[in-house]
Each structure stands twice: as C-alpha cells, then as structure tokens.
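For reference, the chains in residue letters:
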Amino acid sequence: MKKVNFHLHKAILLMGGIAFFTSCSDDVTTIGTDIIGDGNFETEKAEFEVYAYNRKLNGVQTNGLPLYQLGVYDDQIFGRTEASIVSQLSLVTTRPVFGVSSQQREEEYAADNDPKTTPENEKATRVYINIPFFGSVADGETENSDEGAPIARKYDLDSIYGNDKATFTFRVEELTYYLRDLDPSSGFVEQQRYFSNKDFSSNTGAVLYDNRVEISNLEELIYKDDDLDTPDVDESEEVETRLSPRIRVEIDSPDALAFFQQILDKEGSSELMSNNNFKEFIKGLRFSASSFSSPALMLLDWNNANVEVQYEYDRVDTSDGNKIVKGNSSFTLSLGAFTVDSNSGARTRRNNVVNTLINEAYPGEISDQLDNNINASRLYLKGGAGTMVELSLFDPLKDSTVVTSIEKQGWIINEANLVFYVDRDKLDTYPDFAEPQRLYVYNLADNTILADVELDYTVNQDKSISRQIFGGILEKEEDKGVKYKIRLTEHVDRILNQDSTNVNLGLALTANINNTRNISSEGNGQDKEQFIPEASVITPLSTILYGNNTGEEHKDKRLKLEIFYTKVE
C-alpha cells in the first residue's frame with residue numbers, strides 16, 4: 001500500500017486520460033501513485049474468486065468461416081479430429097456463353113445449312129480443382145535460376161499442423177444434399193446454420209477424384225502453349241501463371257468429365273440463369289482426406305478456391321475451306337464461402353461451405369470434467385468443435401454480495417486483470433506440444449464483445465501484436481508458456497461503479513484477436529443457445545489451465561481476478 005496526498009477526484013480521471021493516450025501499446029502506465037495534493041488516498045491490490053465451468057461443444061456453426069480445415073489432427077490432450085468439407089459451387093458469370101456463340105445462335109446455325117456456321121458441340125476435356133494454402137514467399141526466393149530459367153519459389157506455409165510434407169488420399173465426390181440458404185423454422189427469414197457434427201458421407205454420388213496427393217510448399221508453374229506460328233521461339237518454356245502452393249489436382253476420368261459436361265449441356269437453360277437455380281441443379285462437392293503418411297491438418301484459403309473447367313468446341317475455319325476445327329476455352333466455378341466488401345469488411349454469402357469436424361471420444365479425465373457444473377480445478381480448452389469455459393466473477397450464484405460490498409467502498413478502478421496459469425505439469429508430459437498463443441473473453445449473456453476489447457486502441461492488422469492492452473497473449477519462460485493475462489479494467493469498473501450487470505463470461509482460444517465475430521454452438525448441455533468465437537473454431541489447438549478450485553499445492557497458480565484500485569479517504 002502507498003499513501004498519496006491528492007486534492008480533486010477529477011484530477012485522477014484527467015491524469016488517467018493522459019496516461020492512457022500517451023502510453024505505448026506494451027507499456028501502459030497505471031495512474032494514481034505519484035500525484036500530490038491536499039487530500040489522502042491509497043492505492044492497493046485485491047484478488048477475488050473467479051468460478052469456472054468447463055463446457056463441451058458437440059457442434060459449432062461452420063458455414064461462412066474465413067478458412068476451412070481438411071485432414072487429421074492428433075491432439076495430445078484430447079485425441080484425434082478428422083475434418084472434411086462440403087461446398088456448393090457458384091457460377092462466376094451467370095447466363096454464360098460457352099464457346100463463341102450463344103445457344104440460341106447455335107440452334108440457328110444447326111438449321112441454316114450454311115457451311116460457314118456450325119453448332120459448337122462443347123465438350124469438357126479436363127478439370128482442375130484449386131484449393132490454396134495460406135503462406136508467403138520465403139526470404140531469398142527468386143523467380144529465375146542463375147541461368148535465367150523459371151523456377152518454382154518456396155513458400156513459408158503457416159497453415160499446416162503436423163507433417164507439412166505428408167502424402168494422403170484426396171477424394172472428391174458429388175454432393176447430393178441440397179444446402180439451402182434460409183432456415184424454414186424461421187419462416188425462411190434467417191440464414192440456415194450448418195454445424196460441424198453434420199456428417200455428409202452418405203450424401204454423395206459420383207466419385208470425381210480419388211488419388212494420392214502430396215503437400216508441397218512450392219509454387220505451381222503453368223506454362224504457355226507453344227505457338228506453331230513462331231518456330232524460332234518455344235513458348236512452352238515460358239511461364240504464363242504462377243500459383244501459390246495449394247492442392248491442385250487434374251480431373252479427367254470419364255465420370256468426372258460427365259459430371260461437368262452437364263453444365264456445358266445446359267447453356268442457355270434456366271439452370272444457368274442464376275446461382276440459386278444453379279445450386280439446385282448442381283448441389284456441390286464433398287472433399288475428404290485419409291490414409292495420411294503421417295497426420296496433417298491443412299487450413300485452407302477456401303475463399304480463393306475454385307474449379308476450372310476446360311473444354312473444346314467446334315468452329316469453322318473459313319480460311320481453310322470452311323473446315324471444322326477445334327477451339328479451346330474454359331470457365332471457372334467458385335468454391336468460396338463469401339465475398340468481403342473492401343470498404344466495410346461486410347461479408348456477403350457466396351456458397352454454403354460446411355466443415356465437418358469429428359472428434360474421437362475424449363479421455364475420461366477430461367470428459368468427466370465437462371458440463372458437470374462444478375467449479376473446475378483445471379480448465380480444458382480446445383479449438384474447433386471442442387470446448388470453452390464459462391466464467392463467473394466475484395461469486396457463483398450472482399447474489400451480488402461481493403459486488404455490493406465493493407461498491408460501498410467507492411473504489412476507483414485503475415486496472416483489473418484475469419490471470420490464467422498454464423498447467424505445466426500436464427503439458428510437459430507431451431513432447432513438442434503446440435501451445436495456443438492467445439485467449440479471448442467475451443460476454444456470454446448477450447453474445448457481444450467486451451468494452452475492453454472494443455476500446456483497445458492498439459488494433460493492428462498484424463493479429464500477433466493487435467489489442468495488446470486487452471492482452472490474452474501467452475507469456476513464456478524458457479520458450480514454455482507460463483500464463484495468460486487478460487485486462488478487464490473497463491468491464492470491472494462498469495460493474496462496480498456504473499451499475500452494469502455482472503454477466504457470465506465466455507473463455508475460448510482465438511486464432512485471430514481481430515476477428516470478434518461469434519457464431520452458434522449446440523449440444524453443450526445448456527438449455528439456452530450458446531455462442532463461441534469464430535476465431536476459436538478455426539484453430540485445432542488446445543491447452544490446460546489452472547482453475548480456481550485447486551489444492552493448496554497449487555494455490556499460487558489459481559485462477560484469479562486481480563484489481564488495482566485507489567481508495568479515497
């Protein structure tokens with residue numbers, strides 16, 4: 001405790017504002033210690049109980065995510081998760097014209113007996129599926145060798161958990177299940193939500209691809225076709241397009257080509273007039289990965305995924321006696337879940353894309369601690385369709401006894417933090433354990449972000465350094481996680497001094513602190529609808545933290561709310 005003379009309460013607030021706006025993001029000054037005036041006040045620290053309850057998420061909403069998971073993740077704490085994807089397809093251009101002439105014009109050509117015209121008879125020749133990884137060009141990489149020949153650059157991939165050189169069986173199937181946009185239970189007013197525990201493996205038709213694929217961090221180089229009119233130049237040695245590392249497979253089996261031929265055959269028909277019509281005609285595709293050489297989970301840039309359909313068509317070469325020759329062209333189908341407005345950041349749904357996440361049964365020591373409504377000694381957090389923790393500040397029954405007692409003291413809240421300690425005794429038993437770098441706390445009662453998140457002025461496009469005042473960042477010693485500290489100063493002050501409701505809070509992992517969107521979850525043992533941060537669903541990681549209800553041997557690591565306050569005398 002430190003006693004300081006002070007004259008006016010307002011001066012504290014003034015100096016607090018100065019300290020707030022002049023401090024840097026990683027050096028925030030706590031006010032109220034070196035101010036001299038005529039009155040007395042004391043600065044002190046108090047610690048309070050935080051009650052925590054582990055909650056299981058049997059399913060989380062996965063349509064409309066910013067990225068999608070495919071593959072297998074072996075979590076050393078929770079066990080294996082298998083991820084597959086179903087996705088609608090959409091036309092990049094509705095009412096497409098294939099070849100050169102419209103279908104109406106082609107029908108006229110078929111009846112005019114003019115040797116200078118012909119129906120085009122479009123035929124699918126090959127199909128490419130493109131699903132990019134996330135990553136960036138590695139330092140020092142160049143597009144050409146020292147001899148000037150084009151080379152594929154290496155990328156640093158930040159989206160592979162497990163073996164980033166694994167091979168696996170990649171399977172693409174026709175989806176026979178219609179993914180509707182609107183929920184009939186809402187009178188077709190609200191968007192339909194699809195959850196991670198929906199298994200589509202029995203809703204499939206033709207197998208379009210089923211072969212081995214290898215994860216690679218190299219670019220895909222697409223070369224030009226050689227121009228026969230320039231015999232002195234071999235254009236086939238020139239790069240036309242560089243594609244970032246991705247799953248890129250060629251589909252050319254008869255069944256696969258027949259599937260996409262349906263689209264060419266519908267030129268000019270109602271099925272291609274709008275994407276709504278198209279999605280009833282072509283329901284979509286299912287993507288799965290199995291038989292890994294070693295486990296790997298791929299986080300995929302689905303909004304830039306697509307299907308490229310190449311085809312040939314008939315045309316008349318009037319310079320060669322009206323000979324019928326082949327022309328070549330292509331069209332693209334988008335797999336992306338949504339488009340993003342460049343100004344507002346608002347999302348507009350493009351396709352329904354659903355991530356199915358199947359978890360094996362959790363170990364008994366974990367499952368016994370889920371949804372038992374007991375103040376936990378250990379907090380089990382897992383991303384994806386995993387777990388979250390419900391927090392109750394001050395008292396478990398919300399009888400306001402503790403809050404009322406503090407309110408009578410007239411404290412000025414300088415800083416308030418939730419402190420979570422990592423259970424190193426548990427994590428150190430797992431070799432090479434990947435720890436989540438950040439935690440996130442949100443208002444569980446009404447599915448909103450907390451004032452401390454909203455008011456944090458250190459927002460940065462780089463998610464690793466964004467919102468440092470709010471925190472939640474893993475603090476390490478000797479490269480091992482020790483604790484997370486989350487600042488809730490504004491939230492606590494509003495409870496104690498502004499009559500705000502002491503609502504329960506949600507605690508979850510986050511892969512991106514800038515993504516504060518919450519989505520629905522289901523089947524976690526609660527009567528009311530529950531929400532979970534979207535940024536928690538898109539990470540497979542997990543951890544174990546100390547709760548409040550630990551034994552005396554771990555009392556220094558108990559979950560706590562620490563408040564630094566000024567008491568005016």
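Read on for an overview of the structure.

### Some points on the overall build of the protein chain
Here comes step 1: For the protein chain, the helix and strand inventory stands at 10 helices and 34 strands.
Here comes step 2: Expressed as lengths along the three principal axes of its C-alpha atoms, the size of the protein chain is roughly 105 × 55 × 45 Å.
Here comes step 3: Restricting to contacts in the protein chain with at least 6 residues of sequence separation, those with at least 24 account for 77%.
Here comes step 4: By element, 44% of the accessible surface of the protein chain is carried by carbon and sulfur atoms, the whole surface being about 27100 Å².
Here comes step 5: The centroid of the 56 positive side-chain charges in the protein chain is displaced by 5 Å from the centroid of its 95 negative side-chain charges.

### Things to note about the packing of aromatic side chains
Here comes step 1: For the coordinates displayed, the defined rule picks out 21 aromatic pairs.
Here comes step 2: Here Phe278 and Phe281 contribute two aromatic rings whose centre-to-centre distance is 6.5 Å and whose plane-to-plane angle is 70°, an arrangement assigned as edge-to-face. Here the residue Phe278 and the residue Phe281 both occupy positions in helix α4 (residues 275-281), the gap between them amounting to 3 residues, near one helical turn.
Here comes step 3: Phe278 sits in the buried class, given a relative accessible area of 0%.
Here comes step 4: Aromatic pair Tyr440 and Tyr442: ring centres 6.0 Å apart, planes at 10°, arrangement stacked.

### Some remarks on the side chain of Thr566
Here comes step 1: One can find Thr566 in strand β34 (residues 560-568).
Here comes step 2: Side chain to side chain, Thr566 and Asn414 meet in a polar contact 2.8 Å long.

### Concerning the pattern of salt bridges
Here comes step 1: One pass over the structure, following the stated rule, counts 32 salt bridges.
Here comes step 2: Between Arg242 and Glu143 there is a salt bridge, with its nearest N and O atoms 3.8 Å apart. Of this pair, Arg242 sits in strand β15 (residues 239-243) while Glu143 sits in the loop between β9 (135-137) and β10 (155-157), placing them 99 residues apart in sequence.
Here comes step 3: Classification of Arg242 by relative accessible area gives partly exposed; the value is 22%.
Here comes step 4: Two residues, Glu534 and Arg347, come together in a salt bridge whose shortest N-O distance is 2.8 Å. One end of the pair, Glu534, is in helix α10 (residues 534-537); the other, Arg347, is in strand β22 (residues 347-349), with 187 residues separating them in the sequence.
Here comes step 5: With relative accessibility at 32%, the residue Arg347 sits in the partly exposed group.
Here comes step 6: Among the ionic contacts, a cluster of salt bridges with common partners joins Lys45, Glu47, Lys560 and Glu562.

### A few points about the pairing of strand β33 (residues 542-546)
Here comes step 1: The element β33 is extensively covered by neighbouring structure, given that 5 of its 5 residues are classed as buried.
Here comes step 2: Neither face of β33 is exposed, since Ser542, Ile544 and Tyr546 on one face and Thr543 and Leu545 on the opposite face are all buried.
Here comes step 3: With 5 bridges joining them, strand β24 (residues 378-382) and β33 adopt antiparallel strand pairing. Of the residues in β33, the one forming a bridge with Lys382 is Ser542.

### Section: helix α3 (residues 254-265)
Here comes step 1: For α3, spanning 12 residues, the distance from its first C-alpha to its last is 16 Å, which sits close to the expected 16 Å at 1.5 Å a residue.
Here comes step 2: Among the residues of α3, Ala256, Leu257, Phe259, Phe260, Gln261, Ile263 and Leu264 are the ones counted as buried.

Procedures and definitions
Residues numbered from 1 in each chain as written. Predicted model: local features only at pLDDT ≥ 70, side-chain atom pairs only at ≥ 80, totals over all residues. Heavy atoms only, no water. Helix = DSSP H or I, 4+ residues; strand = E, 2+ residues; numbered from the N terminus. Contact = heavy atoms within 4.5 Å. Areas by Shrake-Rupley, 256 points an atom, 1.4 Å probe, with all protein chains shown as cover. Lys, Arg positive; Asp, Glu negative; His and termini not counted. Charge placed at Lys NZ, Arg CZ, Asp CG, Glu CD. Phe/Tyr/Trp six-rings, centres within 6.5 Å; stacked < 30°, edge-to-face > 60°. Buried < 20%, exposed > 50% of the residue type's maximum accessible area, 1.4 Å probe, protein only. Polar contact = N/O pair within 3.5 Å; in protein donor to acceptor, adjacent residues only side chain to side chain. Salt bridge = Lys/Arg side-chain N within 4 Å of Asp/Glu carboxyl O. Pairing = 2+ DSSP bridges. Expected span 1.5 Å × (residues − 1).

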